Every structure is written in C-alpha cells, then in structure tokens.
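# Understanding the architecture of this molecule
Here are the chains, one letter per residue:
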Amino acid sequence: MWLPGDPIPEFTAPTAHNPRFAFHTTAGRYIVLSFLGSAAGEEVRQVVDWVEKRRASFDDERLCFFGVSSDPADEESGRLRTVIPGIRYFHDPDLALGKRFGAVGDGAEYRPFTLVLDPMQKVLAHIPLLPAARHNAALEDVLRRLPPVAQHAGVEMHAPVLIVPRVFEPELCRELVALYERHGGSESGFMREVNGKTVEVRERSFKRRSDFAFDALPELAGLREHIQVRLRRRVVPAVKRAFQFEITRIERYLVAQYDSASGGFFRPHKDNTTPGTAHRRFACTINLNAQDYEGGDLRFPEFGQRSYRAPTGGAVIFSCSLLHEATPVTAGRRYAFLPFFYDEAAARQRAANRHSLTGEVFDRAKGQDEYASNIKEA
C-alpha cells in the first residue's frame, strides 16, 4: 500500500517509442501512473476510456498519464494507444515493474491500482482500480483538487543548491572564454547506458551545446593548476560546510558554449545514471559571462519553475542525483566551466566501472538508432 508522501523508486521501462524510458525525467508535473495488467477486461477498459475522454487535461505541462500493461496484445490489438502529448504506456510482459510496485501478489495475481504523483514523484493518492466506476470517481476528485504545479507543496520550493560567488576572477573568466573562441568547440552529447555500457549520445532535440575540453593538453597544464588552486580554496571548503562532503577529485576541464543562434539548451537529466558516471557526486556550473546572455539558466523541475544563475565567476553546485536542465539561451552566447567533483571512495568506484566506457558515440543525426532518448516523451 502506497501512502501519501512516499517517494516512488526510479525505473526505466519500454514504451512504444523508447526501449529505455527513464521515468525520473518526467518530474516537474503531476503524473497519473496506472498499473492496468491487461486492458482486455471490461473494468480496465472503462478506466482507459475515462482517461482518453479527458485527453485535453493530459497536456504534459501540468499533468500526464502513464499506464502499465503486462499484456502484449494490448498494443497489438490497439486496445491501448499512445497519444503524445499526454498519454503513454509502459510494456511490462515479465511483470518486473508490477512486482516492484506491488501490483503483483505472491500468487502472481494482478492487483491493478493507480498512483497520483506530485512533481517530486511522491505519492499523493493510491486508488484501487477495481471497481472502475469507483476508481474513476476517486481519480476525478483528486485531479480536480490539484493546485498549480508551482504551489504543489503549499510553500515556495527551493532546490538544494549552493551558490558560491567569486570563485574565478574576471580575468580568469575572460581567459577561459578566449580559450574557447581560439580553439572552438565540438558538439556535446550526454552519457547513457546501452547494453550495459556507457556511451555518448548526440541528439539535438535533447541537448545543443558545444564544448572545448583541455584535460590532457600539455600546454595548458599551468591553466589547470591555476583553476585547481581556486577550487581548493573557494569551492572545497564551501561544499564541506554546506554538505559535509570532502572533495578530493575533479573530473574534466571543460568550457561549454550555449549559443542563442541554435537555441542552446539541455533538457532535464541527471549526471550519474550510468556505470561510467555513477562516481560523480556534485556538479558545478561556473558562469564565465553571466551578464552577456538571456535565458540559459539552471532549473530543477522537481522543485518548481524557479531558475538559478550565479554571477560571472560564481558557481552553482548541486548533487548529481538532482534532475536539472539548462533552459534555452534566447540572446547572446553563454560560456561556463563545468566540472564534476568526487572523493576517494568514488574514485575507487570509477576505477571499478571503467570497463563500461567504450568511447562509442551514437549520433541520431546520422541515423544511428541503437539508442532512443526520451525525446518528446517527457
């Protein structure tokens, strides 16, 4: 029995358009998650009909619907139809998802129910699906009383982030911007797990950013040391005070550019969801020219629509487990220095998982379809 306030576990599951839909990317809106079993029965069909008749309410902005089907014939026969935006179905033929959420009993009998989730993916209501008439009435009552997404907790929400001004001096910021402009950047992807391996995926519907990485350039060793000194003196103590975490390692020296000409952005994601990135503990965004662009702020959908921007030379630091996005740059170009931080225990984890890093790149623009991201799915 799910109780109000319970957080649900993270999971990935196949939909009609995505073999590995990451459910955590849907945070930031209300969600109806219904464990249906099979839609062959009349009672389940009444629930599906009720959802389809309220299609306009499921707009993916405020509210969306996910059904979980264990019957392959549901899709084959057209009993369940994905309608984007708003209505999608997970395929669960082996009952793995149903068992994880308690919809399948010890005797393998299916006990269908619906969860209504808040924007933080915590339970608002648990409604038995049978009988359908009672379920539909209860669900309608819950949905009618939902407050606006921004007010779902009854108070103004703040993401658990740390803002540290004056990490880099203006001169260092200008030097890093000039470094990018001198060398140029290359298209930046994002890391995903494919067949147990950590690969880079490039998908311009999910991320538009160009990066210049200088981790291994011998001629820039002095610049890296210069950066390390500032991080040790200004970021490490602040993180220890705020989060009681001792940073001992930095991953990547990278200047990123989000360009308004391409509407640079990065859709909601987490930074530690693959074997090759699981060691990352904290992400850091150090703005290099905060006064020179519009848009391009950090946002944490689970905590509302509030956005965050550090001043030039300042850092926003947050757990890699937080869902976050970079909103589109609407004017100018945004430059940022983007390291990850971890400790010695995480370094051992990184070494143990190093075998998962293949160096492969899947580029959807080139028709490489080995991976399907959550494009237009969230």
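Cut-offs and rules
- Residues numbered from 1 in each chain as written.
- Predicted model: local features only at pLDDT ≥ 70, side-chain atom pairs only at ≥ 80, totals over all residues.
- Heavy atoms only, no water.
- Pairing = 2+ DSSP bridges.
- Helix = DSSP H or I, 4+ residues; strand = E, 2+ residues; numbered from the N terminus.
- Axes fitted to C-alpha atoms, helices over the stretch in contact; angles between N-to-C directions.
- UniProt positions renumbered as here; feature names shortened; annotations may be inferred.
- Buried < 20%, exposed > 50% of the residue type's maximum accessible area, 1.4 Å probe, protein only.
- Contact = heavy atoms within 4.5 Å.
- Expected span 1.5 Å × (residues − 1).
- Parallel < 35°, antiparallel > 145°, perpendicular 65-115°, else oblique.
- Left-handed = near helix turned anticlockwise from the far one by under 90°.
- Nonpolar A, V, L, I, M, F, W, Y, C, P; charged D, E, K, R; others polar.

Right, let's talk about the sheet that holds strand β10 (residues 190–194) for a bit. Taken together, three strands build an open sheet; the order of strands is β10-β11-β25 and the sheet is mixed. Every other strand in the sheet has two partners, leaving β10 and β25 (357–363) as the edge strands with one partner each. Ignoring strand direction, the axes of neighbouring strands in this sheet form an average angle of 40°. One ladder, built from four bridges, connects strand β11 (residues 197–202) with β25; its direction is parallel. Counted as the bridge partner of V201 is F362 from β25.

What follows concerns the UniProt feature "domain: Fe2OG dioxygenase" (unreviewed entry) in the chain. The UniProt feature table records "domain: Fe2OG dioxygenase" (unreviewed entry) at residues 249–344. For residues 249–344, the end-to-end C-alpha separation is 7 Å, with 1% helix and 49% strand making up the annotated structure.

We now examine the environment of S70. Among the secondary structure elements, S70 is positioned in the loop between β4 (63–69) and α2 (73–76). On the basis of relative accessibility, which here comes to 18%, the residue S70 falls in the buried class. Taking the C-alpha atoms as reference, S70 lies 8.6 Å from F90; in sequence the two are 20 residues apart. Beyond its immediate stretch of four places on either side in the chain, S70 contacts G37, S38, D92, P93, L95 and Y110.

Here we come to the sheet that holds strand β19 (residues 298–299). Reading across from one edge, β12-β16-β22-β19-β20 is the order of the five strands in this open sheet, with antiparallel pairing throughout. Among the strands making up the open sheet, the edge pair consists of β12 (207–208) and β20 (307–308). Examined bridge by bridge, β19 and β20 share two bridges and lie antiparallel to one another. In the strand pairing of β20, L298 is matched with Y308.

Right, let's talk about the environment of P165 for a bit. Within the secondary structure layout, P165 lies in the loop between β8 (162–164) and α5 (170–183). As for P165 and P311, which are separated by 146 residues in sequence, their C-alpha atoms are 6.6 Å apart. If we ignore the near neighbours within four places in the chain, the residues touching P165 are P311 and G314.

To continue, consider helix α4 (residues 132–144). In this model, α4 (13 residues) spans 18 Å end to end at C-alpha, consistent with the 18 Å of a helix rising 1.5 Å per residue. As for α4, its buried residues are in contact with β3 (30–37), α1 (42–53), β4, β6 (113–117) and β7 (123–128).

A few words on the packing of α1 against α4. Following both chains from N to C, one finds α1 and α4 inclined at 25°, their axes separated by 9 Å at the closest point. When the axis of α1 is compared with that of α4, the two are roughly parallel. Every pair of crossing elements has a handedness; the one defined by α1 and α4 is right-handed. For the pair α1 and α4, contact is made by E43, Q46, V47 and W50 and by A132, A133, H135, N136, L139, E140 and L143, respectively. Residues that form the contact of α1 with α4 fall into these classes: six nonpolar, three polar and two charged.

Here we take up the pairing of strand β15 (residues 254–259). Counted residue by residue, β15 has six buried out of six residues, so it is predominantly covered. Side chains L254, A256 and Y258 project from β15 onto one buried face, and the interleaved V255, Q257 and D259 project onto a second face that is buried too. Sheet topology places strand β13 (residues 210–213) next to β15; four bridges connect them, and they run antiparallel. Looking at β15, one finds that A213 is bridged to L254. Summarising the sheet, β15 and strand β23 (residues 329–337) pair through five bridges and their orientation is antiparallel. When the bridges of β23 are listed, Y258 appears paired with R334.

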